[in-house]
Amino acid sequence: MARNFLFPQVEGLLHGGDYNPEQWLDRPDILEKDIKLMKEAGINTVTMGVFSWAVHEPTEGNISFDWLEPIMNRLYDNGIYTILATPTGARPAWLDEKYPSAMRCDDMGVRNHHGVRHNHCMQSPEFRQKVQIIDTALAKKFANHPGLLMWHISNELGGYCYCDTCKKKFQEWLADRYDHDINKLNKAWWTTFWSHTFNSFDQIEPPYANGENCVLGLNLDWKRYNTWSATDFMKFEIMTLRSAGAKEPTTTNYMEWFYDYDYRYMSQFIDVISWDNYPESHNNWQSDADHMLERSFNHALFRSLKPDKPFMMMESAPGVVNWRPYNKYRRPGMHKLISMQAVAAGSDTVQYFQIRKSRGSSEQWHGAVIDHIGTNDTRIFKEVASLGQDLKKISEIAGTMADNKVAILYDWDNRWAIDDAWALAKDTKNYDKTCLEVYKEFMSLGVEPDIVGSNDDWSKYKIICAPMLYVLQDGIGDKIALFVEEGGQFLSTYFTGYVNKDLLSNLGGFPGQGLDKVFGLRSEEIDTLYPEDKVTIKIIDKAGLAPHSINVYDYQEMLRDVSADVLAKYNDDYLAGTPAITRNEFGKGHAYYVACRTNQSDLEFLYREMLDHTGIVYSKLPTGVEKHTRYSDDSAYDFYLNCGDDHATIKKIDGEDIISNAEIHGSLKLDKYEIAIIKH
Ligand SMILES: [Zn+2]
């Protein structure tokens, strides 16, 4: 695959992070020392200005970048590029004092007081006016600066505002969505139930904590509206920069498993995907290897949002974070493992929050490249510098691309709808976790999946797994049917195809939109199990395995009208002898249905069978080892990461490790946390 460079002017990968020199303007000696230390650590980029509004504009209209320009120039002279942020993540006191509409209202409709960050009303006209002024000034000053790499829009956009302006915007958004026809909305939301019928759009309120929360269509549309609103704000900032002459690419930093907004929608409007990766390493509820796989899932999600280019790991913590309930320092070697995992999964950057530790306030104990001691001989600094050397060594990775043939279908609408559905059990819905478990199972076989949405292009994939696809978007039934007909392997599970995009139940049987024909079955009941319930299913001969029983957890569906091949049957209670796992030949492909929740590792035979059908090469990896591959035109780079606690041996390796420069033919031995990148 052809390389696609994010920043052609930079040689190799980016290494750097958030730098807040505005906190040290009275200490020129420190600023001077920082540049020396950054160079020593192999840092070639910084992100500045994320929270600098009060320094840029200390009083209304009094804007000056005299503090920033010489720093940016000096960094550039020293080979360090700048990613420049718009400062809208936090507001100066003068702004909130004079324009209180900039402050967000909470879910009771009560206006916040001034303070903290990430709490602006995205629709406040007064706030937008001030944003436009500062963003225009920034772009006019710094666009086309040779040291400027890209624009970083605001910071970690998130949350909902329940003010009157937002209520009005929500009503307008709904009117557009439902063609200004209130009856259309009433039908979609099924408002006849409990006398919830609306006469006009201006009667509709956001789902206040002390207001309406039982109309599920309202709840879902509120989340969709907020995705639109945040995107609208982000686009407003981008347009402002562009109108003032900025030509550099844009990004906004996303967050892991982020729930508030549908990132797939937002991503259409930015140039590069970036996200902030904060592992909770060495925690007390899972192994490091399992925790790393969660990171890996997130990397795959962000990579897949713009599959035609590398993404950026915009933030990560050197050493430690300070905002979790427990904050454990990364053990030696873990920093490199986390950083290299990002690169393995498709990031062209390793960036941190933060380069230098704050001296005071809430981020003073958050990990940084340069600690309060200020020297180059701390453990963390040495690990960062060592990584900097390695990143230089593997600079040929920059611009290489993933090329995966397996995907997991994961929609925000589906996440929201499952959590909000008055169905299943409150505590065991676990949609995210279920998708993660499927991802893990493929990873254990050395096959990395992408994470795609219903409306994405599926043409490159041979296998798609859609666990718990409760919400069927318009046209998705035909899309799945075509995918399978043309030879695709498609797997779904219990709780699939129950409702349409408005959350109205599909009539005529589940899964709807004709998927009953694709799977060769219908689902009639879904039973919720208590944790103590003991239920098993028997895998039978047709699965190519000796008959044996496996455990079922949480959910079991009763199937009917089954014409598909039965691979497993229920053993217990009133479901005994009825189908539990099926495979339906449909056109040139197969549609698998798993009607109950099991350990994914017990379903390895299904994943192997699907891979066998498609000819995708796979091989079981040692426990704790991850494999990711990136491609250039003429080479493949297999990253092997040992995330486990013990050493591991991977067999049948043939190529050169571009970290150690060793030729490996045969077995590759990796110590705990060790990484190899095999070029072949
Ligand atoms: Zn608002």
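Note that this is a predicted model, so its numbers are computed, not measured.

Colleague: I'm lost on the overall build of the protein chain in this one. Help?
Modeller: The secondary structure content of the protein chain amounts to 17 helices and 27 strands. Taking all 680 residues of the protein chain together, the buried fraction comes to 62%. Of the contacts made within the protein chain by residues no fewer than 6 positions apart, 73% connect residues no fewer than 24 positions apart. Just so you have it, the protein chain exposes about 26,700 Å², and 49% of that area is on carbon and sulfur atoms. Positive and negative side-chain charges in the protein chain, numbering 72 and 98 respectively, have mean positions lying 2 Å apart.

Colleague: Would you take a moment to explain the coordination of the zinc ion for this structure?
Modeller: Coordination angles at a metal have ideal targets, namely 109.5 degrees for four tetrahedral donors and 90 or 180 degrees for six octahedral donors. With distances of 2.2 to 2.3 Å, the protein atoms coordinating the zinc ion are Cys 121 (SG), Cys 161 (SG), Cys 163 (SG) and Cys 166 (SG). Coordination geometry of the zinc ion: the 4 donor atoms subtend angles of 100 to 119 degrees at the metal centre, consistent with an arrangement described as tetrahedral. Counting along the primary sequence, the residues that act as donors to the zinc ion give the motif C-x39-C-x1-C-x2-C. One end of the pair, Cys 121, is in the loop between helix H4 (93-98) and helix H5 (125-142); the other, Cys 161, is in the loop between strand S4 (148-152) and helix H6 (164-177), with 40 residues separating them in the sequence. The two residues Cys 121 and Cys 161 agree in class, both being buried.

Colleague: Please explain helix H7 (residues 182-189) as it appears in this structure.
Modeller: An α-helical segment advances 3.6 residues per turn. Residues three or four places apart therefore align on the same side. Those residues of H7 that fall on the buried side of the exposure criterion are Ile 182, Leu 185, Asn 186, Ala 188 and Trp 189. Considered in projection along H7, the buried side chains sweep an arc of 165 degrees and stay on one side of the axis. Looking at the packing, one finds that the buried side of H7 touches H6 and helix H8 (216-243). The N-cap residue of H7 is Asp 181: its side-chain oxygen and the backbone nitrogen of Asn 183 are 3.0 Å apart. Looking one or two places after H7, you find Trp 190, whose phi comes out positive at around 55 degrees.

Colleague: Even after reading the chapter, I still don't get the sheet that holds strand S3 (residues 81-85), so can you show me in this structure?
Modeller: Strand pairing in a sheet takes place through backbone hydrogen bonds and is either antiparallel or parallel in direction. A sheet is described by the order of its strands in space; here 9 strands give the open sequence S5-S4-S3-S2-S1-S9-S8-S7-S6, paired in parallel fashion. Single-partner strands in this sheet number two, and they are strand S5 (250-251) and strand S6 (253-255). Examined bridge by bridge, strand S2 (residues 45-48) and S3 share 4 bridges and lie parallel to one another. From the neighbouring strand, Met 48 faces S3, where its bridge partner is Leu 84.

Colleague: Sorry if this is basic, but what is going on with the pattern of salt bridges here?
Modeller: Two side chains carrying opposite charge are able to pair once their charged atoms lie near each other. With the rule as written, the count across this model stands at 41 salt bridges. With its nearest N and O atoms 2.8 Å apart, the salt bridge here joins Arg 27 to Asp 29. Take Asp 29: its relative accessible area is 44%, and that puts it in the partly exposed class. The structure contains a network of salt bridges with shared partners spanning Arg 303, Asp 403, Lys 405, Glu 448, Asp 450 and Lys 460.

Colleague: Explain the environment of Glu 604 here, please?
Modeller: Tracing the backbone through its elements, the reader meets Glu 604 in helix H17 (residues 604-614). When the C-alpha atoms of Glu 604 and Ser 444 are compared, they prove to be 9.5 Å apart, with 160 residues separating the residues in sequence. In contact with Glu 604, other than residues within four places in its own chain, are Glu 441, Leu 445 and Lys 620.

Colleague: Sorry if this is basic, but what is going on with the sheet that holds strand S27 (residues 675-679) here?
Modeller: Taken in spatial order, the 5 strands of this open sheet run S23-S24-S27-S25-S26, and their pairing is antiparallel. Only two strands of the sheet have a single partner each, and these edge strands are strand S23 (625-631) and strand S26 (663-670). Averaged over neighbouring strand pairs, the angle between their axes works out to 30 degrees when direction is ignored. In this structure, strand S25 (residues 648-657) lies alongside S27, joined through 2 bridges in antiparallel fashion. What sits directly across from Glu 656, in S27, is Lys 679.

Colleague: In this structure, what is going on with the packing of aromatic side chains? I would like to understand it.
Modeller: Note on aromatic pairs: each is described by the distance of the centres and the angle between the planes. Counted under the stated rule, the structure contains 43 aromatic pairs. We note Arg 128 situated over the ring of Phe 236; from NZ or CZ to the ring centre the distance is 5.0 Å. The side chain of Lys 479 reaches across the aromatic face of Trp 458, ending 4.4 Å from its centre.

Colleague: I keep staring at the nonpolar core and nothing clicks. Help me out?
Modeller: As a rule of thumb, nonpolar side chains are buried together in soluble globular proteins. In this structure, Trp 189, Ile 204, Ile 394, Phe 442, Trp 458 and Phe 490 are the most contacted members of the largest nonpolar core, which totals 203 residues. With 10 residues, H8 is the single largest residue contributor to this core. If we ignore the near neighbours within four places in the chain, the residues touching Ile 394 are Leu 13, Met 340, Val 343, Ile 658, Ile 659 and Ile 677.

Colleague: I'm lost on the pairing of strand S12 (residues 463-466) in this one. Help?
Modeller: Where a strand is regular, its side chains alternate between the two sheet faces. Here S12 shows a buried face lined by Ile 463 and Cys 465 and a second buried face lined by Ile 464 and Ala 466. Relative to S12, strand S10 (residues 406-409) is paired through 3 bridges, and the arrangement is parallel. Counterpart to Ala 407 in the pairing with S12 is Ile 464.

Colleague: Looking at this structure, how should I read the packing of helix H10 (residues 288-305) against helix H11 (residues 334-344)?
Modeller: Helices that pack against each other are described as a pair by the angle of their axes relative to one another and the distance between those axes. Packing of H10 against H11 brings their axes to within 10 Å, and their N-to-C directions diverge by 30 degrees. Comparing their axes, H11 and H10 come out roughly parallel. Between H10 and H11 lies a crossing of right-handed hand. Contacts between H10 and H11 involve Asp 288, Met 292, Arg 295, Ser 296 and His 299 from the first element and Met 334, Leu 337, Ile 338, Gln 341 and Ala 342 from the second. Per-class residue counts for the contact of H10 with H11 are 5 nonpolar, 3 polar and 2 charged.

Colleague: Could you clarify how one ought to interpret the environment of Asp 612 in this entry?
Modeller: For Asp 612, the position within the fold is in helix H17. On a C-alpha basis, the gap between Asp 612 and Thr 250 in space is 41 Å, while along the polypeptide they are 362 residues apart.

Colleague: Quick question: what am I supposed to make of the environment of Ala 407 here?
Modeller: Secondary-structure assignment places Ala 407 in strand S10. Its relative accessible area of 0% is what places Ala 407 among the buried residues. Separated by 59 residues in the primary sequence, Ala 407 and Ala 466 have C-alpha atoms spaced 8.7 Å apart. With residues near it in sequence (within four places) discarded, Ala 407 still touches Pro 449, Asp 450, Val 452, Tyr 461, Ile 463, Ile 464 and Cys 465.

Colleague: Hey, could you run me through the side chain of Ser 229 in this one?
Modeller: Here Ser 229 lies in helix H8. For Ser 229, a relative accessible area of 4% corresponds to the buried category. In contact with Ser 229, not counting residues within four places along its chain, are Met 122, Gln 123 and Arg 128.

Colleague: I keep staring at the packing of helix H14 (residues 431-444) against H17 and nothing clicks. Help me out?
Modeller: In the contact formed by H14 and H17, the axes pass within 10 Å of each other and the chain directions differ by 65 degrees. Judged by the sense of rotation from one axis to the other, the crossing of H14 with H17 is right-handed. Contacts between H14 and H17 involve Val 438, Glu 441 and Phe 442 on the former and, on the latter, Glu 604, Tyr 607, Met 610 and Leu 611. For the contact of H14 with H17, the residue count by class is 5 nonpolar, no polar and 2 charged.

Colleague: I would appreciate a short explanation of H11 in the present structure.
Modeller: With 10 of 11 residues buried, H11 is to be regarded as a mostly interior element. Among the residues of H11, Met 334, His 335, Leu 337, Ile 338, Ser 339, Met 340, Gln 341, Ala 342, Val 343 and Ala 344 are the ones counted as buried. Downstream of H11 by a residue or two, Gly 346 has a phi angle that is positive, lying close to 120 degrees.

Cut-offs applied
Residues numbered from 1 in each chain as written. Predicted model: local features only at pLDDT ≥ 70, side-chain atom pairs only at ≥ 80, totals over all residues. Heavy atoms only, no water. Helix = DSSP H or I, 4+ residues; strand = E, 2+ residues; numbered from the N terminus. Buried < 20%, exposed > 50% of the residue type's maximum accessible area, 1.4 Å probe, protein only. Contact = heavy atoms within 4.5 Å. Areas by Shrake-Rupley, 256 points an atom, 1.4 Å probe, with all protein chains shown as cover. Lys, Arg positive; Asp, Glu negative; His and termini not counted. Charge placed at Lys NZ, Arg CZ, Asp CG, Glu CD. Donors = N, O, S within 2.8 Å, 3.2 Å for Na, K, Ca; no water. Tetrahedral: all angles 85-135°; square planar, octahedral: opposite > 155°, others 65-115°. Arc of directions from axis to C-beta. Polar contact = N/O pair within 3.5 Å; in protein donor to acceptor, adjacent residues only side chain to side chain. Pairing = 2+ DSSP bridges. Salt bridge = Lys/Arg side-chain N within 4 Å of Asp/Glu carboxyl O. Axes fitted to C-alpha atoms, helices over the stretch in contact; angles between N-to-C directions. Phe/Tyr/Trp six-rings, centres within 6.5 Å; stacked < 30°, edge-to-face > 60°. Lys NZ or Arg CZ within 6 Å of the ring centre and 35° of its normal. Core = buried A, V, L, I, M, F, W, Y, C linked by side-chain atoms within 4.5 Å. Parallel < 35°, antiparallel > 145°, perpendicular 65-115°, else oblique. Left-handed = near helix turned anticlockwise from the far one by under 90°. Nonpolar A, V, L, I, M, F, W, Y, C, P; charged D, E, K, R; others polar.

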